[in-house]
Every structure is written in C-alpha cells, then in structure tokens.
Amino acid sequence: MSLLIRKYAISADDWIELDDTAEIPSNAKIIVSLARSRAERETLSAAKAIGVRLDNTEDIAALWPELQALPLIALSFPKYSDGRAFSQARCLRERYNFKGEIRAVGDVQRDQLQFMQRCGFDAFALRADQNADECLRALGDFDLAYQRGASEDLPNVWRLRRQA
Amino acid sequence: MYRYDEYDQKLVDERVAQFRDQTRRFLAGQLGEEEFRTLRLRNGLYVQRFAPMLRIAIPYGLISSKQMRMLAHIARKYDKGYGHFTTRQNIQFNWPKLEEVPDLLSDLASVQMHAIQTSGNCIRNITSDHLAGVADDELVDPRPYCELTRQWSSFHPEFNWLPRKFKFAFSASTADRAATRVHDIGVHIVRNEAGELGYTIYVGGGLGRMPMLGHKIREFLPEADLFSYCEAILRIYNLQGRRDNIHRARIKVLVKSLGPEKFTELVEAEWAQIKDSYLKLQAGDVERMRARFDVPAYADEAAADDGSFTAKLASDAKFAAWAKRNLRKHVRPGYAAVFVSLKANGVAPGDVTDSQMDALAALADEFSFGELRATHDQNLVLADVAKKDIHALWQRLSELGLATPNIGLLTDLICCPGLDFCSLANAGSIGVAQDIFDRFEDFDYQHDIGDIKLKMSGCMNGCGHHTVGHIGILGVDKSGEEWYQVTLGGSAENDAALGDRTGPSFSREDIAPAIEKIIEVYLAQRDSEAESFLATYRRVGMAPFKARLYDKASAHAEATA
Ligand code: HEM
Ligand code: SF4
C-alpha cells in the first residue's frame, strides 16, 4: 500500500484502490476505474463507499453528471511529466465546485505536490520510493503564489497588492 | 526597469532554495536522473556537449546596469569569461558546474534575475519589442503587459507540465519586432474601433522541425481578459496536445490537426466558462503594473544635439557609417536608440565578454539611464541616449569592439551555437558565420546590399530561425559530413513567411560562395537601390537564384536533393 498524504498530513488510507480484476472486498471504501464503476454497478453496491479513478484523457465536463455525487475522484499521473490531470483537477474544483476528495495516483512524486495541491488535489498517494517527510516539506516549498488556482491556502500576490 | 516588490523577491528566493534542495537530493542519489533533468530544465539548466549550459531570462529584454554587472561577475566566476545572448532575450552561459548552479542562481536573485522556466515543457520567458517604450510606432508600452504575463505564468500550477515548451511574444507597434508570428502565442496590443485597448491573438506559430506561422484566432480581446483567454488556450493544449511524439507535441501541431477554426471554437467554449472568473484583470491592475516601471527622466532640450552630432556626421565618415546603421529614432526628439552590435568579425554572434559587460553597464549608467535591452537579433540596445552624447558613446563602443556598423546588414546575422557547443548540432554554424564575415568584410559593400536578414541553424531544431531568414541556412548531416540547405524569402516580421528551399544543399566549402552568388543575383535583379533583398525575391521569384546557384560552373553542388 502506498503512503498517503491528505490535508498536509501523513494519513492512514481508509480507501482501497482496486484494479479491474481484483475481487471486491465487502464493506470497504474502494476506488475503481471509471469503466468498472459503470460495468459492475450491482457488485459494487456491496462496498461501503465508491471512489472513481479517471484516466487523464477523460473529459470532466462530459462526465460531470456521473461524478458529482462521488466522495472521491482519483486522477492519474501515468508519468509524472504528463500534466493533464492538473487541468482535470482545476476543472472539478473551479468549474464544478466538487467538494469530495481529489486524489493524485500513479507517478506521484515530491516535486510536483505543491502544484497539485494548488490545482485542487487534497490527497496524494505517493509513489513507492517517496520519502513521506520530504513530501510533506514539499507542500511548503513556496509561501506565496501569483495565481489563485483552485486552493486558497497560499496567500495570493495579486490580491495582496490590490489590498495594499 | 521593473523593480521587484517583496513578493517577487520572496518567490525567486524560494525558487533558489527549492532548486538547491533538488540539486542536493540529486547529488545524494535521492532524485532520479530523469526527474532531476526535467526539474533542472525548469531552471534553465541543460547538459550540453562539454558542460552544463544555463539559460537566464531577461524578461522582455530589459536589463539594468546592475544586472549586467552581475552577468559579468557570473561570466568570470562560473564561466570562462563570456556569455551568449540568444534570440529570445535570454543569456546563456556554457560552463557552469552543476554543484555551483544553486549559488549562481542565488547571485542572480540578489539582482532580481532568475532562470525560471527558461527551458522545459512550460511557459518560457516572455519576449517583446526591444524598442518598447521608445519606438515612435508604438500604441502603448507592452512591457507592463509582459510583466503581468511573466507573473501569471511563473509557477503556474496547471501549466508547468505541458506537452512541450510554450513561448509568448508581445508587440504593441506597427512594425512587429518581436517575431510574434513564430511564437506559440503572439499577442498584438491594439485598439478597437471604439478606442478600447485589447489584444489580437495569434496561436500556433513556431520554428523547429515543422516551422509554422501562427493563426489569428481572435481579432480583438478586451484588455481585462488576457489571462482567462490564455488559460483557455493553454487548457485546451494541455489536455489535447499530443504527448506520444515529441516532434508532434507543440501547440502548432494541435492547431493544424484540428484546423484553426475548430481549435478556436474549443478555446472560445472553454473561455466562455472562465471569462468572468477571478482571472479577469481588475480596474487598476494594469495601471499599478505600469507604475512599477521606472520612467527615464528625459530632458529633451538638454539632450538635444548641441551641434556635435551633426558636425561629426559630416566630418567623420566612420562615425557616419555607424550612425546610419546603428541608430534608431526615439519617440523623444532629444534622444536616439543606439544599437550595440554583437556581430563583430571574429566573435561568435551574440557573445560578450565579462569586461565588455562591465563596460556596457558603465556606458548604460553614463549614457542611458542605467538600462540596456537585449534584442531578438542577438544585439543590445542603449535605448535612451541624448543626441549630444552619441559621438562620445560611439568612441567608447569602438574601443570595446562593440561598434560594428552592421545593424540590419548581412553580417548582423543570427546564428545558433552549433557544433561548438550543442550536442544536437549537425554543423558548425559559428564557423560558417565567420566565413560569411570574411567574404563580406567590406562594409561599403554591405551597405550597398542594404537590409537583409541572414539566419542560420546548426540543425533542424531551428534555434537560429533559419526558416524565417530572408536567407536561411540550415546545417544537415549527410553520412557524417556537414552540408547546408539554403532557403530564401522567409520573414518573421509583419510580412511573416517561411522561406523556400533553393534546391540541393551545399558543402561546407561551398556555402559561403553560395551566399555570395545569391547576393550577386539580388544586386543584378533589384529595380533600384531602394528595393530590398526580400522585396526583390518576392518580385522575381526563385528562378534567377536557382539558375545562378546550380549552373554547371558550380560543380560542387550535390547531384541530389
Ligand atoms: C546549445 C544548446 C541548445 C539546445 C540543445 C537547443 C535545443 C533546441 C531544440 C531541441 C529546439 C526545438 C524545439 C522544437 O522543435 O519544439 C530548439 C528551438 C529553439 N531554440 Fe534552441 N537549443 C540550444 C541553444 C539555443 C540558442 C543559443 C538559442 C538562441 C540563439 C536558441 C533558441 C531557440 C529558438 C528561438 C528555438 C525555436 C523555438 C520554436 O520552435 O518556436 N537555442 N532548441
Ligand atoms: S539549431 Fe540545432 S545545433 Fe543549433 S543550437 Fe539548436 S539544437 Fe543546437
């Protein structure tokens, strides 16, 4: 199981991420692919809660009706340098005001965490080789931002200037 | 100058600390080679043929004397005593040691400079007109808009891991001096019929292997909507740009494959969703930014020609020849913009030594309100020189070897580092530049040829803009030998166009003679001295050039294309 950071803390993971063939544990909180969430509606109903994992090629706008009630959406980084999920996250938070957890999964590594956080991710399933303390520190690499983005955790430079 | 406030400074300092830590982790084996590569690139650090190469941003080309002194210091301390000005208002150093780069960046931060996002698949340095603020054909000063854009794009949370690099250029004048049509986004600041300020937006230009000119996707975008519109463009690109093939990953390929109409439709639809969001500029934002730029304390009367300038023009032919090429009109009557040519014989185009940098800083302080500009043609400009001082300045520049009277002439050529430094190079472009210099040494001859832009790249990546040169030279590899393809008729200005290939390429030995033949054809064909090379080419077409280049006498030209 990978290390999880959630809301700026190392966190026990109460969710189980499943691939498309894994057996579905009963009474657990599970994360499954979009395809599986559609195909196995019946069997999945045994789960305590269902989160959905999206490929980074999915169109959030088209899927929104299906996504809006979910407690968790996992967005994928097949390779850390493939930045499509940054856009998906902002779209979920800023356009649709999604309130559930947005979790980064896949090739999730230290040096992008703060950017992810600023796009609206609030949970990070770290790649296996990552050092959790380092990763926590990474969320504080910058104390300010020029862009507001999806999270207002960092003071925004333009707002500070407008107030001055 | 734009001066950092505490926030700008803090962000740059935090970036240095971040990079220092990344370097430490890499050297300690805690950060993988590939990951560190993509991170160091975002700080301008490449690993090249002989050593790392560091690219430092000079946003919209503006640099203070204090900053120039720091570059001199960097050249001395971390390099072998020189720096290289590029075509995108950056300066590159070729010899810093990886372990020392964090210190170098920290030195830069102390003078409000950085290397943030000067390479890597993210939004690069924002470039603009080197005559911004002093050009007489300018609508408004574009630099406050550039600085707003620099800040908007710096550490942008969503657009730091794009399919490929992304370059902006701004122009606010009648003449496009910023090559906006060959940028991913070209912004023209304009006024609409109602008199409101706004932007015309071009998307999808770029050089490299698939050179393309940008398409106009919006005639008029209101001033307040710049960033919502740019975010719409970048979001479409981030989500839909190709990532499977690095050579198909630029936004130009997406625009081409969707078609500009469809692409525009997607952008407009995305924009409709975000246009009234917090991304809209608020009343006062642009004004506040404008107020952050120093305005030189012009004194037109005191600056005006006291007679010395006109007298020297008449009495000193060397000075007059230089003045004819290296001065540009200033919007203020008492002043002129002075071009410092970095294209002296025997020097790689764009190269400046540490002592020249120090001397230029002193000249900027003495003659030009402490500021310099870097141009897209790899030269520098002292933009605010009092007319009465021009002769004195010329004398000093001459002593420094920085008064070559060739601005806009054949030897004011753009040239990439090629085999001398670049690991991707097929050809030694600097050597070819030298050959051309030797052949056209006679400045009277160059003056007679008149305005012409020769641009040269050592490989198809096109760092030397060859496809938009009036004459373009491209180094190609043929079974391990250097050959050169020639194109004619390109331009990166208002009449932007991609050049046409003349035909088979030329050997190293034949390339400079080939250029000479092209010039001879031009001189024979032009209808008057007033008809430029480009105009002549466009009128007469390729045929006479081809005939001369590939006639039987040129036995060395290859048999096949
Ligand atoms: C020496 C190390 C350098 C390397 C390895 C390098 C590499 C590259 C590559 C691979 C491209 C093609 C990008 C693409 O097609 O998408 C490129 C484009 C470019 N480079 Fe360089 N470059 C170097 C130095 C320079 C220098 C010294 C300059 C300026 C004099 C420069 C200016 C440019 C420009 C203007 C482009 C075209 C951008 C476009 O395609 O729109 N580069 N470079
Ligand atoms: S054009 Fe080619 S040879 Fe020249 S600097 Fe660019 S990558 Fe290197």
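The numbering scheme is per chain: residues are counted from 1 as the chain's sequence reads. Ligands are numbered from 1 and chains lettered from A, in the order in which they are written. Only residues with pLDDT of at least 70 are given local features in this predicted model, and only at 80 or more are side-chain atom pairs given and counted; all residues enter the totals for whole chains, interfaces and linings. The side-chain numbers reported here are obtained from all heavy atoms of the structure, hydrogens and water having been left aside.

Caption draft 1: Structural context of the coordination of the iron atom of ligand 1. With water excluded from the atoms, a metal site may look incomplete; its donors are any N, O or S atoms within 2.8 Å, or within 3.2 Å for Na, K and Ca. A lone protein donor contacts the iron atom of ligand 1, and this donor is Cys463 of chain B (SG), found at 2.1 Å. Helix and strand labels come from DSSP, where a helix needs a run of H or I of at least four residues and a strand needs a run of E of at least two; each type is numbered from the N terminus. Position of Cys463 of chain B relative to the elements: it lies in the loop between β17 (454-457) and β18 (471-478).

Caption draft 2: Representation of the environment of Val47 of chain B within the structure. Residues and elements named next belong to chain B. Tracing the backbone through its elements, the reader meets Val47 in strand β1 (residues 45-47). Considered as a pair, Val47 and Arg37 are 10 residues apart in the sequence and their alpha carbons are 8.8 Å apart. In this structure, Val47 is in contact with Arg40, Pro52 and Ser423, ignoring residues within four places of it in sequence. Contacts: residue pairs with any heavy atoms within 4.5 Å of one another.

Caption draft 3: Broad picture of the environment of Trp161 of chain B. By the element assignment, Trp161 of chain B lies in the loop between α5 (143-153) and β7 (168-171). A relative accessible area of 3% means that Trp161 of chain B is categorised as buried. A sequence separation of 40 residues divides Trp161 of chain B from Asn121 of chain B, and the C-alpha atoms of the two residues are 5.8 Å apart. Those residues in contact with Trp161 of chain B that lie beyond four places of it in its chain are Tyr80, Ser81, Gly83, Phe86 and Gln112 of chain A together with Thr38, Leu39, Arg42, Asn121, Asn238 and Arg243 of chain B. Between buried and exposed lies partly exposed: a residue is buried under 20% and exposed over 50% of the maximum accessible area for its type, with that area taken using a 1.4 Å probe on protein chains only.

Caption draft 4: Structural detail: the sheet that holds strand β10 (residues 215-222) of chain B. All names here are of chain B. Pairing in this open sheet of five strands is mixed, and the strands run β6-β7-β8-β9-β10 from one edge to the other. Of all the strands in the sheet, just β6 (127-128) and β10 have a single pairing partner and so form its edges. One requirement defines pairing of two strands: DSSP has to find at least two bridges between them. For strand β9 (residues 197-203) and β10, the ladder comprises five bridges, and the chain directions are antiparallel. Each bridged residue has a counterpart across the sheet, and for Tyr199 the counterpart in β10 is Leu221. Fitted lines through C-alpha atoms serve as axes, helices being fitted only where they are in contact, and the angles separating the N-to-C directions of these axes extend from 0 to 180 degrees. With respect to the sheet, α5 is in contact with β6, β7, β8 (185-191) and β9, its orientation differing from that of β7 by roughly 165°.

Caption draft 5: Local environment of the sheet that holds strand β11 (residues 327-329) of chain B. All names here are of chain B. Strand order in the open sheet formed by five strands is β3-β14-β15-β12-β11, with antiparallel pairing between adjacent strands. The open sheet has two edge strands, β3 (62-64) and β11, and neither has a second partner. Direction aside, neighbouring strands of the sheet carry axes that sit 35° apart on average. In terms of strand pairing, strand β12 (residues 335-340) meets strand β15 (residues 380-386) through five bridges, oriented antiparallel. Residue pairing for β15: Val340 is matched across the bridge by Leu380. Relative to the sheet, helix α13 (residues 354-367) contacts β12, β14 (371-374) and β15, its axis offset from that of β15 by approximately 25°.

Caption draft 6: How the structure looks around unusual backbone geometry. All names here are of chain B. One non-glycine residue, Phe369, lies in the positive phi region at around 55°. Within the secondary structure, Phe369 is located in the loop between α13 and β14. The phi dihedral of Ser479 falls on the positive side, at around 40°, and the residue is not glycine. With respect to the secondary-structure elements, Ser479 resides in the loop between β18 and β19 (481-488).

Caption draft 7: Spatial organisation of empty space enclosed by the protein. Two kinds of site are reported from a 1 Å grid over the protein atoms alone, namely cavities, where a 1.4 Å probe fits but cannot get out, and pockets, open sets with protein on both sides within 12 Å along at least five of seven lines, and residues are called lining when an atom falls within 4 Å of a point. Grid points are joined across faces, edges and corners, and a volume is the space filled by probe spheres set on the points. Inspection of every chain in the model, using the stated rule, returns seven cavities of 30 Å³ or more. Taken as a whole, the largest cavity spans an internal volume of roughly 140 Å³. Lining the largest cavity we find 15 residues, and of these Met1, Pro59, Tyr60, Gln67 and Gln112 of chain B sit closest to its centre. Of all elements in the fold, only β3 and α5 of chain B reach the threshold of two or more residues within the lining of the largest cavity. Side-chain classes follow a simple rule in which Ala, Val, Leu, Ile, Met, Phe, Trp, Tyr, Cys and Pro form the nonpolar group, Asp, Glu, Lys and Arg form the charged group, and the remainder, Gly included, forms the polar group. For the lining of the largest cavity, the per-class residue count stands at 10 nonpolar, three polar and two charged. When its volume is computed, the second largest cavity comes out at roughly 100 Å³. Taken together, Trp158, Arg161 and Arg162 of chain A together with Leu148, Gln151, Asp285, Arg288, Met289 and Arg292 of chain B form the lining of the second largest cavity.

Caption draft 8: Seen up close, the site of ligand 1. Residue and element names in this part refer to chain B. Lining the immediate surroundings of ligand 1 are 22 residues, of which Lys165, Lys167, Leu207, Arg250 and Cys463 lie closest. Identification of polar contacts relies on pairs of N or O atoms within 3.5 Å, with a donor-acceptor requirement for protein atoms, meaning one able to donate a hydrogen and the other able to accept it, and with residues adjacent in sequence counted only if both atoms are side-chain atoms. At 3.5 Å from an oxygen atom of ligand 1 is found a main-chain nitrogen or oxygen belonging to Gly208. One nitrogen or oxygen atom from the side chain of Arg250 is found 2.8 Å from an oxygen atom belonging to ligand 1. Among the residues forming the shell around ligand 1, the class breakdown is seven nonpolar, 10 polar and five charged. Only heavy atoms are used to decide nearness, and a residue is near a molecule or strand if one of them lies within 4 Å of it.

Caption draft 9: Looking closely at the site of ligand 2. By nearness alone, every residue bordering ligand 2 is listed as Cys416, Pro417, Gly418, Cys422, Leu424, Ala425, Ser457, Gly458, Cys459, Asn461, Gly462 and Cys463 of chain B. For the shell around ligand 2, the per-class residue count stands at seven nonpolar, five polar and no charged.

Caption draft 10: Spotlight on the packing of aromatic side chains. The aromatic pairing rule takes the rings of Phe, Tyr and Trp, using the six-membered ring of Trp, and pairs them if the centres are within 6.5 Å, calling planes under 30 degrees apart stacked, those over 60 edge-to-face and the rest tilted. This model, assessed by the stated rule, comprises 30 aromatic pairs over all chains. A centroid spacing of 6.0 Å and a plane angle of 50° characterise the contact between Tyr60 of chain B and Phe293 of chain B, whose relative ring orientation is tilted. In this pair, Tyr60 of chain B sits in the loop between β2 (52-57) and β3 while Phe293 of chain B sits in the loop between α9 (285-291) and α10 (300-303), placing the two residues 233 residues apart along the sequence. The burial state of Tyr60 of chain B is the same as that of Phe293 of chain B; both residues are buried. A cation sits over an aromatic face here: Arg118 of chain A above Phe115 of chain A, 6.0 Å from the ring centre. Either the NZ atom of lysine or the CZ atom of arginine qualifies as a charge over a ring when it sits within 6 Å of the ring centre and within 35 degrees of the ring normal.

Caption draft 11: Seen up close, the interface of chain A and chain B. Across the boundary between the two partners, chain A contributes 35 residues, which contact 49 residues of chain B. Throughout, the accessible surface (probe 1.4 Å) given up by two parts as they are put together, summed over both, is called the buried area. A combined buried area of about 3800 Å² lies between chain A and chain B, and 52% of that area is made up of carbon and sulfur atoms. The largest share of the area that chain A buries against chain B comes from Tyr146, Arg161 and Arg162 of chain A, three residues that together contribute 18% of it. A side-chain nitrogen of Lys or Arg and a carboxyl oxygen of Asp or Glu constitute a salt bridge if their distance falls within 4 Å. Taken together, the connections running from chain A to chain B amount to 14 salt bridges. Between Arg162 of chain A and Asp285 of chain B there is a salt bridge; the shortest N-O distance is 2.5 Å.

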